[in-house]
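Survey of secondary and tertiary structure
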Amino acid sequence: MRDAVTSLIKNYDLAGRYFDRNAIDSLKSYFDSGTARVQAAAAINSNAAALVKQAGLKLFEELPELIRPGGNAYTTRRYAACLRDMDYYLRYATYALVAGNTNVLDERVLQGLRETYNSLGVPIGPTVRGVQILKDLIKEQVAAAGVVNTAFVDEPFDHITRELSEQDI
């Protein structure tokens, strides 16, 4: 797992280059946003279970067919699996948020996930919608914790939804 600093160093090292103005600005931005990223992680950590539960309730309110007989979250086991997956996305999105890099999402979450879901018959659309709902709730929580600019929260959640979403061929 890499963070923004190690990724930047690796890229410049592979190119055999010294840091230029862009690299220095990128590092400055990473360190300037460090306190906000840690505050966001603390806000998420203190309310993770409630956030996942609330996101699940909102998802099933929007898409009630998921919890009806024949729906993919019908039965207690499937419902619990859905919430477990949302918690998993939240945990790894939090790691990516602190690292300032989505690499951990690719390595630990997204590699082969769409194919796995497709083979198990798990609908991608509601999964993506659940992640979006989770992102919105997290942004509210982080703002309530005193973080003024919550735009950085978007990156890991948007990365998950973009990578899970069906792509045009």
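Rules used in this analysis
Residues numbered from 1 in each chain as written. Predicted model: local features only at pLDDT ≥ 70, side-chain atom pairs only at ≥ 80, totals over all residues. Heavy atoms only, no water. UniProt positions renumbered as here; feature names shortened; annotations may be inferred. Helix = DSSP H or I, 4+ residues; strand = E, 2+ residues; numbered from the N terminus. Buried < 20%, exposed > 50% of the residue type's maximum accessible area, 1.4 Å probe, protein only. Contact = heavy atoms within 4.5 Å. Phe/Tyr/Trp six-rings, centres within 6.5 Å; stacked < 30°, edge-to-face > 60°. Core = buried A, V, L, I, M, F, W, Y, C linked by side-chain atoms within 4.5 Å. Expected span 1.5 Å × (residues − 1). Salt bridge = Lys/Arg side-chain N within 4 Å of Asp/Glu carboxyl O.

By the naming in an unreviewed UniProt entry, the chain goes by Allophycocyanin subunit beta and is assigned to Nostoc flagelliforme FACHB-838. The heading Subcellular location (unreviewed entry) in the UniProt record of the chain holds the text "Cellular thylakoid membrane". In UniProt, the chain has this text filed under Sequence similarities (unreviewed entry): "Belongs to the phycobiliprotein family."

**Things to note about the overall build of the chain**
Scanning the chain from terminus to terminus reveals eight helices and zero strands. Starting at the N terminus, the α and β elements of the chain follow one another as α-α-α-α-α-α-α-α. Along the longest, intermediate and shortest principal axes, the C-alpha atoms of the chain span 60 × 40 × 25 Å. Residues counted as buried form 40% of the 169 residues belonging to the chain.

**Considering the environment of isoleucine 133**
As for its placement among the helices and strands, isoleucine 133 is situated in helix H7 (residues 124–144). Expressed as a C-alpha distance, the spacing of isoleucine 133 and leucine 51, which sit 82 residues apart in the sequence, is 9.8 Å. For isoleucine 133, the residues in contact, after removing those within four places along its chain, are Ala55, Lys58, Leu59 and Glu62.

**Some details on the packing of aromatic side chains**
Evaluated as defined, the whole model comprises five aromatic pairs. A ring pair is formed by tyrosine 12 and phenylalanine 19, whose centres lie 5.4 Å apart and whose planes are at 80 degrees; its orientation type is edge-to-face. Seen from their ring centres, tyrosine 30 and phenylalanine 31 are 5.2 Å apart, and the 70 degrees between their planes marks the pair as edge-to-face.

**Topic: the nonpolar core**
For soluble globular proteins, the rule of thumb is that nonpolar side chains tend to be buried together. Counting 38 residues, the largest nonpolar core has Leu90, Leu105, Ile138, Phe157 and Ile160 as the members making the most contacts within it. When residues of this core are traced back to their parent elements, those giving at least two are helix H3 (34–62), helix H4 (76–99), helix H5 (103–110), helix H6 (113–120), H7 and helix H8 (154–164). Counting residues per element, this core draws most heavily on H3, which supplies nine residues. Not counting chain neighbours up to four residues away, the residues in contact with leucine 90 comprise Ile44, Ala48, Val52, Leu134, Ile138 and Phe157. If you look at the next biggest cluster of nonpolar residues, it comprises six residues, including Val5, Leu8, Ala23 and Tyr30.

**A closer look at H4**
If you check H4, its first and last C-alpha atoms are 35 Å apart, about what 24 residues at 1.5 Å a residue would give, namely 34 Å. Those residues of H4 that sit buried are Leu83, Asp85, Met86, Tyr89, Leu90, Tyr92, Ala93, Thr94, Ala96, Leu97 and Ala99. One or two steps after H4, the chain reaches glycine 100, where phi turns positive at roughly 70 degrees.

**Notes on the pattern of salt bridges**
What the rule picks out here adds up to eight salt bridges. When the shortest N-O distance is used, the salt bridge between lysine 28 and aspartate 32 registers 2.9 Å. Placement of both lysine 28 and aspartate 32 in helix H2 (residues 21–32) is noted, with a separation of four residues, approximately one turn of the helix. Each member of the pair, lysine 28 together with aspartate 32, is exposed. For lysine 135, the salt bridge is made with aspartate 158, and the minimal N-O distance between the two is 2.8 Å. With lysine 135 in helix H7 and aspartate 158 in helix H8, this residue pair connects regions lying 23 residues apart in the sequence. Each of Lys135, Lys139, Asp154 and Asp158 takes part in a single network of salt bridges with overlapping partners.

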